[in-house]
Amino acid sequence: MSENGVPLGRVVATERKPNTPHEFHFWTALDSPVGIGTIVRVHGTHAVEGHMPVIYGIIVDGFSYTDLQTPLHDVIGHDGSPAQGAFAATERAEIRLYTAHVLRQLPEEPLQPVPMGDVFLATEADVEIALRMDGYLRPEARTGIPVGIYRAGGTESPIYLDADFLMGPEAAHLNITGVSGLATKTSAVEWLLSSLFAHFPAQKGSIAAVCFNVKGPDLCYLDLPSVLEESDLAMYERLGVPPEPFAKVEYYAPYKADGRSLNTLRSNEALLHNVVPLTWGLREVLQFAEVLLNKDDVDAKADALIDFIKERVLDRDFSDEMLKNRHRVQSFADLEAFFKDVLRSMESARGSGQESWRTHHVATIRKVRNRLSNISTRCAGLVADDGAVSDLPFGNFEDRRVYVVDVATLEEDAQDLIFARVVSKLREHLERRDLGVSHVVVFVDELNKYAPADGQDTYVRKMLLDIAERGRYLGLVLFSAQQFRSQVHRRVVGNSGTALFGRMDADELATPGYSVLSPATRTKLATLEKGQLMVRHPHFTQPIFVRFPRPAVLRGRDGAERYPQAVDVTLDIAVHRSLRTLDSSITLNWVKDAIVLHDDGVVLEAMRAALRERPGNVKEFFQRRFRSVIKSQSTTRAAPPAAIQAPPGEDPYDF
Amino acid sequence: MALERPRTVQSSIVEAGPYCRQVSGEPVVAFRAFLDGIQRTRVLGYLNGIPLIYGTIAAVVRARIDRKLVTWRSPLIERRLYVPERALPAYALDALRNHFDITDTAADSDGAVERHPIGLMERAVPLVQTDRSRLEKHLADAWCADETEPVLVDGGISGSERAAKSGLAVGAIKTHRTLYLDGDALSAVLAMPAGNRSAAFRISSARSPVVSWYLRLRDAGGHDPMWGLLRVEIAESNSLSARADEVSRWLLAERTPLALPDGRWDRMTYGVRGCEEYLRAIL
């Protein structure tokens, strides 16, 4: 036994299987605790330029064979009866031969083929050197973000990602691939966000996360704790991450079409305290009309009309000599009135052969009206007719806060619109450095839907490409996930500096993108357990297998069981539930009394305003809204009383 | 190398009954170790036309632990030069002695020294074999002195007095240039089926007398009559029949795994092949 410990193997090389600077072979005892993914250290035996070479490698393939020349010899040896195999007096000589890929050679120059030598199991310190983590784990410039624990043969070593390469500016973005149903992708992101929040270096600034919950209840309970096993707690402790749910989480969800209950799986009354309605008006939507309008549908002429509306009509006092009324378009309702006026006026003028208004043909106007008014229908609940806006707190983002936008139950168009607008706003604010934080992680699942490898170029895909290629300079970092990486646009996944792989589908592994992995590594990927990941990171010259703890947040499925979704309720109950999140003293009877004399629309508007403004005195604010509404209604209704009909002149009864 | 002339010898049969008999009982795994040696020769060069023959000899005991073979103690390895000393100039012999252990291939000839290079090579081979046997004997003696369980020796055990008298050493001879039975007994042996053995006979001509018998490991159908045939040597025993059956059962248990791809696999046990493979790997 040398001072380096007990060797577990010896490097071998033959003419048919030579060693190279990037690959070597070694054999071990049959009971050696190594396998695919194990990191080993090789000690050379001849000094090069005064330095004894040390090589670090990771096992990527393994072979086992005996001294049998052909299987037939074994058949003969057992007289063709497999049952007799157990009686063999001696076991055949057998070899465990492994192929390893070089992670690092020291000294790094001259780069030579791996020499013969003893092979040792890598220690924790070896793993740090092998993966070049020593460069970013120095106490004076530590930028390590724990991603999991590497385990092999008794060695247990935390694996860190470099924040400079995860969050920029050197490289950025993270992509996760894995089959559905094993909770790997969501769990990994939840864990990694916890780790990121705990370890993001102070010198790099502040960080927040915007997560799009695109399916199920996966991200709906990030602020609620889960029950962790001892092994998970040990991992949390080893990796220096508190085993706690996220302390600061805000949920955003649009209303359902009824406008009174939130369209989210987190609608249970007990959880509404940090659920904020997401509603946008015409201005917000028109900015991203491109997302919703089909390019084939909206040609250059329609585009020109939409631009005209955005620039000349929206939020301005607009009048036209041909139009009957003056317009100030601030909502879809206003827009509809505007279109009606325009079209009615054109019809009136038809006799004079007028087919256009301000160069826009009547057919184009009708088409744009149709498409735009459709939006408020397709995105009902998100787009408010009254123009009221309740949005993410752009400009006031908080450090270490998670903003979850729940779009799981929305129409695809609405999902696209929300995604496009939120990310664009994040980008705008980060460019101006006024978002409130310096780095934002945007998590998007089902990336193959939003940035598919083929199909037409959509606004969302273009935007994702833009983030992937330029986001790292802004601090806008994309954490994305999908089941089939091969079906995602290659520039999006290609720009992800870090890639995580959970258990993979065999068909997916058969695609060309995985040909760089050895067959054994692919097999391991196809059989990974829950909580295991393969990690690719710019500092790691080869993929590494790690384990990560179960997230400290309540699983979506458990949360959905414990906090069932609220059923659709009557208006008074909906208002009561909403207002009680602002003021717990509000009772259902008070709400009933307050709204009894008012229309549903007015009540909803008052409720939304209260939720949006979050006033100090909720009751007063809520009731004041009615007073103002009543007042304005009474004003508009203040028409002169109808004249009393004059009695007939020849009243035979002489009344 | 001149091969030994094939011959038959009528040994004295010391076991009553038929010439051949079925080995009683089921095969039993009992050998704790296997002993074998190898030799290699090559010509290093020629001096005055005399080949300088470099011989490497080695022997090893491979012990069986948990059905796996591991080296018992250390293998014995020697490297020697085999030359006719008298045929070499004195200065050359002195120079060679500085680098090699030397065995004189002409030590047993009083007259003129053989000068034919091929003849000299043929004279060296048995000397190399003798040296190999010496190493094997050394290991067999050591095993019998220090261990308590049986060892299967590739070849005869009569060369070692200690082994030939120990109940631990069993010799298995694969070559049959000399057949120790003749007449009907030989006919019966050559025709016996797998799992049968001959009646035991004594070999007194050897340095140390031993008891021997033939054992058919595999049916020879389609092969020559000596295919699958072993000759076994053990020390004298008071209950000879029982002992012969017992050792035969041990040997029958060694029929698997096969020693393929070795050409002698029909008679060779896997443990013995393991010794040879080990020595080939380290030499």
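**Student:** Before we move on, can you summarise the environment of G117 of chain A with the specific residues and values?
**Tutor:** Residues and elements named next belong to chain A. Topologically, G117 is positioned in strand β6 (residues 117–121). Separated by 454 residues in the primary sequence, G117 and L571 have C-alpha atoms spaced 78 Å apart. Not counting residues within four places of it along the chain, the set of residues in contact with G117 comprises G9, R10, V11, H43 and T45.

**Student:** Go over the packing of aromatic side chains, please, and point to the residues and values.
**Tutor:** Residues and elements named next belong to chain A. On inspection of all chains with the given rule, the structure shows 25 aromatic pairs over all chains. Both rings, one in F212 and one in F419, keep their centres 4.8 Å apart while their planes meet at 65°; by these two values the pair is edge-to-face. Taken together, the residues span a long stretch of sequence, with F212 in strand β10 (residues 207–213) and F419 in helix α11 (residues 412–432) at a distance of 207 residues. The pair formed by F212 and F419 is uniform in burial state, with each residue classed as buried. Arranged with centres 5.5 Å apart and planes meeting at 20°, the rings of F419 and Y450 form a pair that is stacked. You can see F419 sitting in helix α11 and its partner Y450 sitting in helix α12 (residues 447–450), a full 31 residues away along the chain. Like Y450, F419 is buried.

**Student:** Residue-level account of the sheet that holds strand β4 (residues 54–66) of chain A, with values.
**Tutor:** One closed barrel holds the six strands; their spatial order is β1-β2-β5-β4-β3-β6 (chain A), and the pairing between them is antiparallel. Averaged over all neighbouring strand pairs, the angle between strand axes comes to 40°, with direction disregarded.

**Student:** Go over empty space enclosed by the protein with me, naming the residues and quoting the values.
**Tutor:** Rolled over the atoms, a probe as big as a water molecule pinpoints where empty space is left. Residues and elements named next belong to chain A. Scanning the model with the defined rule gives five cavities of 30 Å³ or more in all. Taken as a whole, the largest cavity encloses approximately 240 Å³ of empty space. Surrounding the largest cavity, 20 residues form its lining, R260, S261, L262, L272 and S578 being those nearest its centre. Contributions of two or more residues to the lining of the largest cavity are made by β12 (275–277) and α18 (571–580). Partitioned by chemical class, the residues of the lining of the largest cavity number 10 nonpolar, six polar and four charged.

**Student:** So what about the interface of chain A and chain B? Which residues, and what values?
**Tutor:** Opposite the 16 residues of chain A that make contact, chain B presents 15 residues. Summed over both partners, the interface of chain A with chain B comes to about 1500 Å²; 53% of that surface belongs to carbon and sulfur atoms. Its salt-bridge partner being R67 of chain B, residue E91 of chain A comes within 3.5 Å of it at the nearest N-O pair. Counting every contact that joins chain A to chain B gives eight residue pairs in polar contact (both at pLDDT 80 or more). Taken together, the residues of the side of chain A that touches chain B break down into seven nonpolar, six polar and three charged.

**Student:** Would you mind going over a nonpolar patch on the surface in detail, with residue names and values included?
**Tutor:** Residues and elements named next belong to chain A. The grouping of L72, V75 and I76 at the surface amounts to a nonpolar patch, some 250 Å² of accessible area in total. Examined against the element boundaries, L72 turns out to sit in helix α1 (residues 71–77). Using a relative accessible area of 53% as the deciding quantity, one classes L72 as exposed.

**Student:** Can you break down the side chain of S195 of chain A residue by residue, with the values?
**Tutor:** All names here are of chain A. Along the chain, S195 turns up in helix α4 (residues 184–199). Judged by its relative accessible area of 0%, S195 falls in the buried class. A polar contact is formed between the side chain of S195 and the backbone oxygen of P146, at a distance of 2.6 Å. Setting aside residues no more than four positions away along its own chain, S195 makes contact with I145, P146, F200 and V241.

**Student:** Describe helix α19 (residues 588–595) of chain A, with residues and values.
**Tutor:** Residue and element names in this part refer to chain A. What α19 keeps buried is the set W590, V591, A594 and I595. Along the long axis of α19, the arc covered by the buried residues comes to 115°, so they all point the same way. Residues of α19 that are exposed and point more than 90 degrees away from the buried face comprise N589 and D593.

The rules behind the values
- Residues numbered from 1 in each chain as written.
- Chains lettered and ligands numbered in written order.
- Predicted model: local features only at pLDDT ≥ 70, side-chain atom pairs only at ≥ 80, totals over all residues.
- Heavy atoms only, no water.
- Helix = DSSP H or I, 4+ residues; strand = E, 2+ residues; numbered from the N terminus.
- Contact = heavy atoms within 4.5 Å.
- Phe/Tyr/Trp six-rings, centres within 6.5 Å; stacked < 30°, edge-to-face > 60°.
- Buried < 20%, exposed > 50% of the residue type's maximum accessible area, 1.4 Å probe, protein only.
- Pairing = 2+ DSSP bridges.
- Axes fitted to C-alpha atoms, helices over the stretch in contact; angles between N-to-C directions.
- 1 Å grid on protein atoms, 1.4 Å probe; cavity = no way out; pocket = protein on both sides within 12 Å on 5 of 7 lines; lining within 4 Å.
- Points joined across faces, edges and corners; volume = space filled by probe spheres on them.
- Nonpolar A, V, L, I, M, F, W, Y, C, P; charged D, E, K, R; others polar.
- Buried area = accessible area lost by both parts, 1.4 Å probe.
- Salt bridge = Lys/Arg side-chain N within 4 Å of Asp/Glu carboxyl O.
- Polar contact = N/O pair within 3.5 Å; in protein donor to acceptor, adjacent residues only side chain to side chain.
- Patch = residues over 30% accessible without salt bridge, like charges linked within 9 Å, V, L, I, M, F, W, Y side chains within 5 Å.
- Areas by Shrake-Rupley, 256 points an atom, 1.4 Å probe, with all protein chains shown as cover.
- Arc of directions from axis to C-beta.

Purely spatial values, then, with no claim about function.
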